[in-house]
Structure formats: structure tokens, C-alpha cells
Amino acid sequence: MSSNRPIGILDSGFGGLSVARAIRAAIPNEDLVFAADCAYAPYGDNSSEYIQARLEHVVSFLLAQQVKALVFACNTATAVGIRAFRARLSMPIIGIEPAVFPALRHTRTGHIGILATCRTIESQKYADVRHRAIEWAEVSRPMPVTVWDVPCPGLMECVERGDFDSANVHELLVRYVDPLTAHNVDEIVLGCTHYPFLAHAIAKHAPKATLIDPAPAVAQQRRLAALDLATPQTAPGTERFFASGADAAREAVLRTLWSDPRVRLYEMD
């Protein structure tokens, strides 16, 4: 059945725009509605109960926009809340998780690093992914492997205020990334959707490592591709952007991250 209803994309802030950009590139004819819960971010340093309550609000908002699918463009939201929504909603719901498998598949040194929020690294969902990936590597790779988990408080907030390469950013990266270089890590997973916007700065601290952004893999999900096949639209899709606490400063950050000075940011009710 065809549908010209939009795809809803949510995140605790603007990091999910990295996923939205990949979706736009993969399925250009779909309309997108992006909802960022900026006023209540970051999610990753809060309790599961807090995160679930905020997700209820954001998902309700997107459902009111008549979306035909939901993309949880947030590792923390996926880890904490996606199961509950899949249990009660009949629409496609796509999540994101740190790309541990690709990192272990491609490492040459046997050492990979995972940059993520505290809540993602502490989650059972990540623990399960990590365990399965290490089990696979122990059988399939001819070398011992080590996964270095690095919680990164403060990095998400840098992106939210449009700070991508300042002294403050590099001070945080000295703490989070430089030890990975010292451990001979050659694959670094960007386990929060905000972190691809810091890739240039991160690369300065790990020039020999490959940075893995999971957003393209999310955009290539079969369920999203199937939605695009079902759309009756032939013209390029549109985008609408909403945020809690929308204001001029956040709109300026949105325009920078989306690379379009014309986009508008509206308040999420």
C-alpha cells in the first residue's frame, strides 16, 4: 500500500541529523519530520525512567504528525526505549546501535574503541551487542581482540551549541581519545549520533584510526527502503524540523549541521 506520509526521526538533540542526512541521501523522495528534544538533553546521563518519559512525549508528537515510520536516531533512546514502542505500535520502528561488529571485522591491531554516552555503555542492549561481537571475533578473527569502552560526558553538549573544534572540545578529546591511541586502537566507533559532527576533531587525536559512523547503515535498512518504494511521490522530499526549546541560537546550529541557511526550526509542542 502506497503512502505519502512522512518518516519521523527523533533524537535527544541535533545529533540525529547525521542519521537524517544519510536517510535523505538514501531515499530522496520521502518527506521527513525531525524532532529533537534539546531542552531536555542530554539523555545519556539520566535515568532510564527519565529517558522513557521524554521518549513518550517525543513519539506522541511525531505520531500527531501522521508519520508512517519512526527512526530512533539516538543510541541511548534505542537502548532504553525502543522495545516498549515496538511492542505497542504497528508501524516500522528502526533503531541504531554502536557498530561493534564492523569495527571487530576490520581491525588490524585487535584493539577497537567505542565512544558513547554513559547510558549507552551501561545499557543491557549494548552489553548484548558487545558480547555477541566478541564471541564472533574469537571464532572468526586470527588474533585476540579488545574492546575499549569510553563514556564521553560533555561531547554531545559541544555539538548542541555548535562547538566543533574549540579548545574545550580538544580538552575532552585528550581525555577520551588519546588513551585509545596509546592502546593501538585502529577502529573507533562513533557510538552517539552527535559524534560524526566532531569527526574532524577526533581524527586529529587518532590520525591512524578509522572512524565508524553507523548512520549510513541505518539509512540502508530494508524497512526504510521498502517505505521509499511505496511512496507515490516522484519529486524530492521535504524536511520539517522541530525541537523542544526552539530558539534562534538552536536554529543557527540546525542550519550549520544541515548545511542550509534557509531551514526553519519550530517548537515541538
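What comes next concerns the included structure. Note that this is a predicted model, so its numbers are computed, not measured. (Residues numbered from 1 in each chain as written. Predicted model: local features only at pLDDT ≥ 70, side-chain atom pairs only at ≥ 80, totals over all residues. Heavy atoms only, no water.)

Considerations on the side chain of Thr 107
Then, in step 1: Here Thr 107 is to be found in the loop between α4 (100-106) and β5 (111-116).
Then, in step 2: At 3.0 Å, the side chain of Thr 107 forms a polar contact with the backbone nitrogen of Gly 110.
Then, in step 3: The residues touching Thr 107, leaving out its near neighbours within four places in the chain, are Ile 112, Arg 141, Met 143, Asp 186 and Glu 187. (Helix = DSSP H or I, 4+ residues; strand = E, 2+ residues; numbered from the N terminus. Polar contact = N/O pair within 3.5 Å; in protein donor to acceptor, adjacent residues only side chain to side chain. Contact = heavy atoms within 4.5 Å.)

Section: unusual backbone geometry
Then, in step 1: The omega angle of the peptide bond from Ala 41 to Pro 42 is 0°, so this bond is cis rather than trans.
Then, in step 2: Relative to the helices and strands, Pro 42 is located in the loop between β2 (32-36) and α2 (48-64).
Then, in step 3: Look at Gln 66: it is not a glycine, yet its phi comes out positive at around 65°.
Then, in step 4: Of note in the backbone geometry, Asn 184 takes a positive phi value of approximately 65° without being a glycine.
Then, in step 5: Examined against the element boundaries, Asn 184 turns out to sit in the loop between α9 (178-182) and β7 (187-190).
Then, in step 6: For Asn 184, a relative accessible area of 46% corresponds to the partly exposed category. (Buried < 20%, exposed > 50% of the residue type's maximum accessible area, 1.4 Å probe, protein only.)

A few points about the environment of Thr 146
Then, in step 1: By the element assignment, Thr 146 lies in strand β6 (residues 146-151).
Then, in step 2: The spatial distance from the C-alpha of Thr 146 to the C-alpha of Leu 104 is 8.9 Å, given a sequence separation of 42 residues.
Then, in step 3: In this structure Thr 146 touches Gly 110, His 111 and Ile 112, once residues within four positions along its chain are discounted.

A short note on the pairing of β7
Then, in step 1: Residues of β7 alternate between two faces, with Glu 187 and Val 189 on one and Ile 188 and Leu 190 on the opposite face, all of them buried.
Then, in step 2: Bridging between β5 and β7 involves 4 bridges; their strand directions are parallel. From the neighbouring strand, Ile 114 faces β7, where its bridge partner is Val 189.
Then, in step 3: The pairing of β7 with strand β8 (residues 210-212) spans 3 bridges and is parallel. Each bridged residue has a counterpart across the sheet, and for Ile 188 the counterpart in β8 is Leu 211.
Then, in step 4: Remark: the β7/helix α10 (residues 199-205)/β8 crossover connection has right-handed handedness. (Pairing = 2+ DSSP bridges. Right-handed = clockwise from strand over helix to strand, strands pointing away.)

Some remarks on the pattern of salt bridges
Then, in step 1: On inspection of all chains with the given rule, the structure shows 13 salt bridges.
Then, in step 2: Asp 163 is the salt-bridge partner of Arg 161, the closest N and O atoms lying 3.9 Å from each other.
Then, in step 3: Given a relative accessible area of 47%, Arg 161 falls into the partly exposed group.
Then, in step 4: Overlapping salt bridges bring together Glu 251, Arg 255 and Arg 264 as one network. (Salt bridge = Lys/Arg side-chain N within 4 Å of Asp/Glu carboxyl O.)

Remarks on the packing of helix α1 (residues 17-26) against helix α13 (residues 248-258)
Between two packed helices, the angle of one axis relative to the other and the distance separating the axes together describe the packing.
Then, in step 1: Look at α1 against α13: their axes get within 10 Å of each other, and the N-to-C directions meet at 45°. Between α1 and α13, the angle falls in the class oblique. Considering only the axes of α1 and α13, their crossing is right-handed. The residues of α13 that touch α1, namely those facing Leu 17, Ala 20, Arg 21 and Arg 24, are Leu 254, Leu 257 and Trp 258. (Axes fitted to C-alpha atoms, helices over the stretch in contact; angles between N-to-C directions. Parallel < 35°, antiparallel > 145°, perpendicular 65-115°, else oblique. Left-handed = near helix turned anticlockwise from the far one by under 90°.)

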